[in-house]
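What follows is each chain in one-letter form.
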Amino acid sequence: MKLYTLCSILLGTLFCGAQAYGQDTPLVPKKKDTLKVNKLKESELLAEEQYVLDTIVDGKTYFRKSLKSDVLLKPTEVLIDDKIASEYDKKWIEELYSNSLFDTIYRDVTNLKYEVVDYPELTTDTLKARLERLNARTPFNVEYNPGLENVIKSFLKRRHQSLERLMGLSDFYFPMFERELDNYNIPLEMKYLAIVESALKPRAKSRVGATGLWQFMFATGKQYGLEVSSYVDERSDPIKSTESAAKYLARLYEIFDDWDLALAAYNSGPGNVNKAIRRSGGSRNYWNIRPNLPRETAGYVPAFLATMYIFEYAEEHGFVKHKPQFNYIETDTIRVKKTITLNQVSEYTGVNIETLQFLNPSYKLDVIPYIKGKNYTLRLPREDVGTFVNNEDEIYEFVQKELDSREKPLPQVVNIDTKTRYRVQSGDYLGKIARKFGVRVSQIKQWNGLRGNDLKIGQRLTIYPRNPSSVNTPQKATASSSAKTYKVKSGDSLWSISQKFTGVSVQNIKDWNDISGSKLKIGMTLKVSKG
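Every chain's residues receive numbers from 1 upward, in the order its sequence appears when written. Restriction of local features to residues with pLDDT of at least 70 applies here, the model being predicted, together with a cutoff of 80 or more for giving and counting side-chain atom pairs; totals for whole chains, interfaces and linings are based on all residues. With hydrogens and water excluded, all non-hydrogen atoms of the structure serve as input to the side-chain values.

## Let's talk about the overall build of the protein chain
(1) Moving on: Here a strand is any run of E in DSSP of at least two residues, a helix any run of H or I of at least four, and the numbering for each starts at the N terminus. Looking only at helices and strands, the protein chain features 23 helices and 10 strands.
(2) Moving on: Throughout, exposure labels follow a simple rule: accessible area from a 1.4 Å probe, protein chains only, divided by the maximum for the residue type, with under 20% read as buried, over 50% as exposed, and the rest as partly exposed. With 531 residues in all, the protein chain has 50% of them scored as buried.

Have a look at this one:
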C-alpha cells in the first residue's frame, strides 16, 4: 500500500500532518529559502515515490514528497498506547524502583531471629531431605540445623508475596548474573546473593553508602574497576557490577577456600571473619563462628541459604512468578557516539522514559555522556534497537541542534543541602512527584522514611530536587513576556519547549494550558509559567 493511501484511510481520526505530532514527535520544520516544498494533487503523485498528507484547502487534499525526517518520526505519529495498560506499566515500573523490598530484606537480615515458626506445610523431615539434595549439588555447606529451618519457615510464612515479585524480577537479572559468574568460575547459585544484598534494585543504597545490586562501597567499587562520577555510577550497572562482584568473590575464595566464609567476608570484610575465627578457637565452620560475627553478617549466610532453598523449591511451595516487562534476551545495547539524554532517546524512539531508566540504571542524571576512550552504552528493548540504529545520524543531528538551542545546560549535580518541602495534593503519587522534581521514587522514600507507597493529602515531604529551580519559588515579574508565554514554532514539541525554560516540565505546560494530549499547532501561544 502506498504511503499516501494509508494516510488517506487514517484521515478523520489521525492526521499525518504537523498538527498530529505529539510530545515525543517534533513538528517537521519548513526549510525556508533552502528547500521549496511543492504541494501536489493526488492525480500528480508518482507510484515509485513516497508522499505524506500536507494540507487540505477548500476541501481539496494536497500531498508533498516524504522527507527523511518523516521516516524517522513515522513510528510515533499514529501509534497510541492503551490507557489502562499504560497505567499498569507505570505501576510496574514504580514497583521496580520501589525500595520497600530492599528495606524489608535489609531489616530482616540485620535483625534475623531464630525463634520457632509454626509452618505445618513444611515438615522437618521434608526439609532435611531437600536440604540434603541441595547440598549435594552446590558447593555451599547446606546442612540442616534448627536455626536455618526457622529462617526458611519465617520467609515462607511472612514474605511469600515479596518473594514472588523477586522471582519475577529474577527472570530479567539472573541470565546476565549467571554469564558473568560462570566467566570467573563462581557457583551460579551465587546469583541469590544479589537478592539478599539489594532485593534486585540496581540503585539500592544502604545506610552506610553501599550501592547497587551487589552493594559495593565507593572504595571497593573503585578497587574493582567500577567508575563513579557525576554522571555515571557503574555500581548500578547490572553487568559491570556483577563482573566486579565475581572478581571480588573469587579473590575471597582464594583466601578462605570456603564459600560460606567467602560470603561472610563479602558482607563484613575479611578482617571481621578472621577475628571471628580466632574468637571461636580456630573453627572454620560458619555456624561455629557465627556468634562472633557482626550482627548483620550473622544473619547474612542463613538469609542467603534460605533464599536459595526457596527459589530452588519454589514450585513445591506454590510460588507464582510475576512476569517482568521484558527478559534480558529481549534487550540489546548500542554504544553512544555523542552525549544524549534518556529524555531525548524517549522522544525519538517512543520508548517510555521509565522503561529507559530501568534498562539504564547506571546513569545518575539520565544523561549518557560521550567521553573518548570510554564505552558508554544505551540499552533498549530489542524491537527498538533497529529504529535507533537505522536513524542514528539523524537522531544525533537532532540531539545536537536541541542541545545547542538549550537555554539551560544539562542537569548538574545538586548540593544535598538544597531541599524543599512539598505538600501532597489530590492526585499525587510517588512517581508523579519524583518526575516533577527529577528524582527517584526510592530517594523520596529514603529522605522521608517511607516504607510503602501510600501518601495522604496534605502530607509534607522533604525533597532534594535535582534542579533547585524546579521548586516553585516566588519571583519578581520581569518585563520580558517570553518568561510567561511561548509561541509554538515549526519543529517544536512539548518536551523541547519545556527544555527552553528553567524548572518547567512537560506536565507543567499541560497543566497551565489545559492540554490533555500532546498535539501542538504552529502559532499557538502557550503559558510557560504558573502566573
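## Notes on the pattern of salt bridges
(1) Moving on: Salt bridge criterion: a side-chain nitrogen from Lys or Arg within 4 Å of a carboxyl oxygen from Asp or Glu. Scanning the model with the defined rule gives 12 salt bridges in all.
(2) Moving on: Across the pair Lys 337 and Glu 392 runs a salt bridge whose closest N-O atoms are separated by 3.1 Å. On the criterion of sequence distance, the pair formed by Lys 337 in the loop between strand E3 (331–335) and strand E4 (340–341) and Glu 392 in helix H19 (residues 392–404) is long-range, its members being 55 residues apart.
(3) Moving on: The partner of Lys 432 in a salt bridge is Asp 428, and the shortest N-O contact between them spans 4.0 Å.
(4) Moving on: For Lys 432, a relative accessible area of 34% gives the class partly exposed.

## A word on the confidence of the model for the protein chain
(1) Moving on: The pLDDT averaged across the protein chain works out to 76; a share of 70% of its residues lies at or above 70.
(2) Moving on: By definition, pLDDT measures how confident the predictor is in each residue, and it falls between 0 and 100. Only heavy atoms matter for contacts: two residues are in contact if any of them lie within 4.5 Å across the pair. Contacts from residues 412–417, a stretch scored under 50 in pLDDT, to residues over four places away or in other chains number 10 contacts.
(3) Moving on: The low-confidence segment residues 468–483, where pLDDT is below 50, has 17 contacts with residues more than four positions distant or belonging to other chains.

## Overview of the environment of Gly 449
(1) Moving on: Counting through the fold element by element, Gly 449 comes out in the loop between helix H21 (441–448) and strand E8 (460–463).
(2) Moving on: Residue classification places Gly 449 among the exposed residues on the basis of a relative accessible area of 59%.
(3) Moving on: Between the alpha carbons of Gly 449 and Leu 461 there is a distance of 9.9 Å; along the sequence they are 12 residues apart.

## A closer look at the environment of Pro 175
(1) Moving on: Looking at where Pro 175 falls in the secondary structure, it is placed in helix H7 (residues 160–183).
(2) Moving on: Put simply, Pro 175 and Lys 191 are 16 residues apart on the chain and 9.3 Å apart in space, counted from C-alpha to C-alpha.
(3) Moving on: In contact with Pro 175, not counting residues within four places along its chain, are Ser 170 and Tyr 328.

## Quick notes on the nonpolar core
(1) Moving on: For our purposes a nonpolar core is just a set of buried Ala, Val, Leu, Ile, Met, Phe, Trp, Tyr and Cys residues, chained together by side-chain atoms within 4.5 Å. Of all hydrophobic cores here, the largest spans 74 residues; its most connected members are Phe 177, Leu 200 and Tyr 266.
(2) Moving on: Apart from residues lying up to four places away in sequence, Tyr 266 is in contact with Leu 193, Glu 197, Trp 214, Phe 216, Ala 245, Tyr 248, Leu 249, Leu 252 and Tyr 300.
(3) Moving on: Listed in part, the 21 residues of the second largest apolar core include Leu 356, Val 385, Ile 395 and Leu 403.

## Some thoughts on the packing of helix H5 (residues 124–137) against helix H15 (residues 300–312)
Geometry of a packed helix pair, given as the angle between the helix axes and the separation of the axes.
(1) Moving on: It is at 11 Å that the axes of H5 and H15 come closest, and there the two elements cross at 100°. As the angle between them shows, H5 and H15 are arranged roughly perpendicular. Facing Leu 127, Arg 130, Leu 131, Leu 134 and Arg 137 of H5, the residues of H15 in contact are Met 308, Tyr 309 and Glu 312.
(2) Moving on: The nonpolar class holds Ala, Val, Leu, Ile, Met, Phe, Trp, Tyr, Cys and Pro. Asp, Glu, Lys and Arg form the charged class, and all remaining residues, Gly among them, are polar. Classifying every residue of the contact of H5 with H15 by side-chain character gives five nonpolar, no polar and three charged. For helices, the axis comes from a line fit to the C-alpha atoms of the stretch in contact; other axes are also lines fit to C-alpha atoms, and the angle between any two N-to-C directions lies between 0 and 180 degrees. Angle categories: roughly parallel below 35 degrees, roughly antiparallel above 145, roughly perpendicular from 65 to 115, and oblique for all the rest.

## Focus on H19
(1) Moving on: Taking 1.5 Å per residue, 13 residues should reach 18 Å; H19 reaches 18 Å between its end C-alpha atoms and fits that length.
(2) Moving on: Turning to H19, its buried residues are Glu 392, Glu 394, Ile 395, Tyr 396, Val 399, Glu 402 and Leu 403. How far a helix is expected to stretch is found by multiplying one less than its residue total by 1.5 Å.

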